[in-house]
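# Coordinates in review
For reference, the chains in residue letters:
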Amino acid sequence: MLVPILKQGDFLIATIQSALTDDDLLRLRDDLAEQVGRYRSRGVIVDVTVLDVMDSFAARTLRALAHMVGLRGARTVIVGIQPEVAFAMVQLGLTLGDVETALDLEEGLELLHKRTKRSASRGR
Amino acid sequence: MSLLVNKVAIVGDEIHVPISSDADIVIARQQGRALAERIGFTGSSLAVVATAISEVARNIIEYAKRGEIVLKPVNQGGRQGLTVMARDQGPGIPDIALAMQDGYSTAKGLGLGLPGARRLMDEFEIISKVGRGTTVTMKKWVR
Ligand SMILES: Nc1ncnc2c1ncn2[C@@H]1O[C@H](COP(=O)(O)OP(=O)(O)OP(=O)(O)O)[C@@H](O)[C@H]1O
Ligand SMILES: [Mg+2]
């Protein structure tokens, strides 16, 4: 299942629509890393609200995604991790490392605005 | 008698999911979640069961290429539960104690799959023979 990626201003928003296979996740990672360059995006949001499982492969791939996007000069925020999924992740022993997260799309956009503004003023 | 639906075989009260591609991992955890729901699991324990299934199914793909997941309801002294068995005829695990350690991985994984699945489930057993294969059997009880 292909994950649609929407361009909204300086940001890219990828909203997962259904359960994803490992290949789908790798494809999302590569697509986002590529599109960040193509659209000169400064931030990426991955909305995982519909995911009912986040296993070690998914966590590892999201970490790699954020890392790749970061190397391309943009910030990543993962939004929508459900409470049941968070519970299972903690028991499994999974972390998203230093990948930023937010409750939902709205909070994620707010966080990205804050992050990209701050880094712009720091560069001045 | 067995019934074949979407590659999934129903054998008595068991659901057999053949595992040979990453799409099968998704089928296994969806079947596991659906069965867990029918047995009476709710809320976060559904995510817990699905996550554990995902980990052992992926290990089949990653290390043995193919195998199967068998899902089965259990009833022990009035207690309802779910048994998940993951079996393959792959290379086997030379040192199970080592493989069960957090962070130990012969691939480039996080080394969390097996120890994590043990934490997620109530009972966990692993039998493996080098050159013969691996069987992981896990149980979760409805609270
Ligand atoms: N079915 C199997 N057949 C052969 N070896 C296995 C099997 N399952 C696990 N192993 C071995 O046990 C090690 C630990 O497995 P575990 O699932 O805990 O971590 P991983 O697969 O390396 O990483 P992760 O699951 O975090 O992505 C593996 O690296 C592998 O060497
Ligand atoms: Mg594993």
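Anyway, here's the lowdown on the structure attached to this text. (Residues numbered from 1 in each chain as written. Chains lettered and ligands numbered in written order. Predicted model: local features only at pLDDT ≥ 70, side-chain atom pairs only at ≥ 80, totals over all residues. Heavy atoms only, no water.)

This next bit is on the interface of chain A and chain B. Tallying the contact residues gives 21 residues for chain A and 24 residues for chain B. For the pair chain A and chain B, the summed buried surface comes to about 1,900 Å²; carbon and sulfur atoms form 57% of the total. At the surface where chain A touches chain B, the tally comes to four salt bridges. The tally of links from chain A across to chain B stands at nine residue pairs in polar contact (both at pLDDT 80 or more). It is helix H3 (residues 83–92) of chain A that provides the largest number of residues to the side of chain A that touches chain B, a total of six residues. Class assignment for the residues of the side of chain A that touches chain B results in ten nonpolar, four polar and seven charged. (Contact = heavy atoms within 4.5 Å. Buried area = accessible area lost by both parts, 1.4 Å probe. Salt bridge = Lys/Arg side-chain N within 4 Å of Asp/Glu carboxyl O. Polar contact = N/O pair within 3.5 Å; in protein donor to acceptor, adjacent residues only side chain to side chain. Helix = DSSP H or I, 4+ residues; strand = E, 2+ residues; numbered from the N terminus. Nonpolar A, V, L, I, M, F, W, Y, C, P; charged D, E, K, R; others polar.)

The next thing to look at is the site of ligand 1. In the vicinity of ligand 1, 21 residues are found, and the nearest of them are Asn59(B), Tyr63(B), Ser105(B), Thr106(B) and Leu112(B). Chains contributing residues near ligand 1 are chains A and B. In the environment of ligand 1, an oxygen atom lies 3.4 Å from a nitrogen or oxygen atom belonging to the side chain of Ser56(A). At 2.9 Å, a side-chain N or O of Arg60(A) approaches an oxygen atom of ligand 1. Starting from 600 Å² of accessible surface for ligand 1 in isolation, the protein chains cover 95%. Judged by its atoms lying within 2 Å of the grid points, ligand 1 is housed in the largest pocket. (Near = heavy atom within 4 Å. Areas by Shrake-Rupley, 256 points an atom, 1.4 Å probe, with all protein chains shown as cover. 1 Å grid on protein atoms, 1.4 Å probe; cavity = no way out; pocket = protein on both sides within 12 Å on 5 of 7 lines; lining within 4 Å. Sits in = over half its atoms within 2 Å of the grid points.)

In terms of nonpolar packing, the biggest core is built from 66 residues, with Leu32(A), Val46(A), Ile69(B) and Met138(B) touching the most fellow members. Residue contributions to this core peak at nine residues, all from helix H2 (residues 44–64) of chain B. Ignoring sequence-local partners within four residues, the contact set of Ile69(B) consists of Ile15(B), His16(B), Val17(B), Ile19(B), Ala28(B), Ile53(B), Val56(B), Ala57(B), Ile60(B), Val84(B), Met85(B) and Ala86(B). With nine residues, the next largest nonpolar core counts Ile45(A), Leu109(A), Leu111(A) and Leu112(A) among its residues. (Core = buried A, V, L, I, M, F, W, Y, C linked by side-chain atoms within 4.5 Å. Buried < 20%, exposed > 50% of the residue type's maximum accessible area, 1.4 Å probe, protein only.)

Attention now goes to empty space enclosed by the protein. Counted according to the given criterion, the structure contains one cavity of 30 Å³ or more. Reported here for the largest cavity is a volume of approximately 70 Å³. Taken together, Leu20(A), Asp22(A), Leu25(A), Leu51(A), Val53(A), Asp55(A), Ala58(A), Arg29(B) and Arg58(B) make up the full set of residues lining the largest cavity. A per-class count over the lining of the largest cavity returns five nonpolar, no polar and four charged. (Points joined across faces, edges and corners; volume = space filled by probe spheres on them.)

This brings us to the environment of Ile39(B). Residues and elements named next belong to chain B. Within the secondary structure, isoleucine 39 sits in helix H1 (residues 22–39). Once the C-alpha coordinates of isoleucine 39 and aspartate 13 are considered, the two residues, 26 residues apart in sequence, prove to be 12 Å apart. The residues touching isoleucine 39, leaving out its near neighbours within four places in the chain, are Pro73, Gln80, Gly81, Leu82 and Val142.

The next subject is the packing of helix H1 (residues 22–38) of chain A against helix H2 (residues 56–71) of chain A. All names here are of chain A. Interaxial distance between H1 and H2 falls to 9 Å at its minimum, and their mutual angle equals 10°. Accordingly, the angle class assigned to the pair H1 and H2 is roughly parallel. For the pair H1 and H2, the contacting residues are Asp22, Leu25, Leu26, Leu28, Arg29, Asp30, Leu32, Ala33 and Val36 in the first and Phe57, Ala58, Thr61, Ala64, Leu65, Met68 and Val69 in the second. (Axes fitted to C-alpha atoms, helices over the stretch in contact; angles between N-to-C directions. Parallel < 35°, antiparallel > 145°, perpendicular 65-115°, else oblique.)

Here the focus is the pairing of strand E6 (residues 123–129) of chain B. Along E6(B), the buried face is formed by Phe124(B), Ile126(B) and Ser128(B); none of Glu123(B), Glu125(B), Ile127(B) and Lys129(B), which line the opposite face, is buried. Where E6(B) hands over to strand E7 (residues 133–141) of chain B, the hairpin turn is made up of three residues, of which Gly131(B) adopts a positive phi near 85°. (Pairing = 2+ DSSP bridges.)

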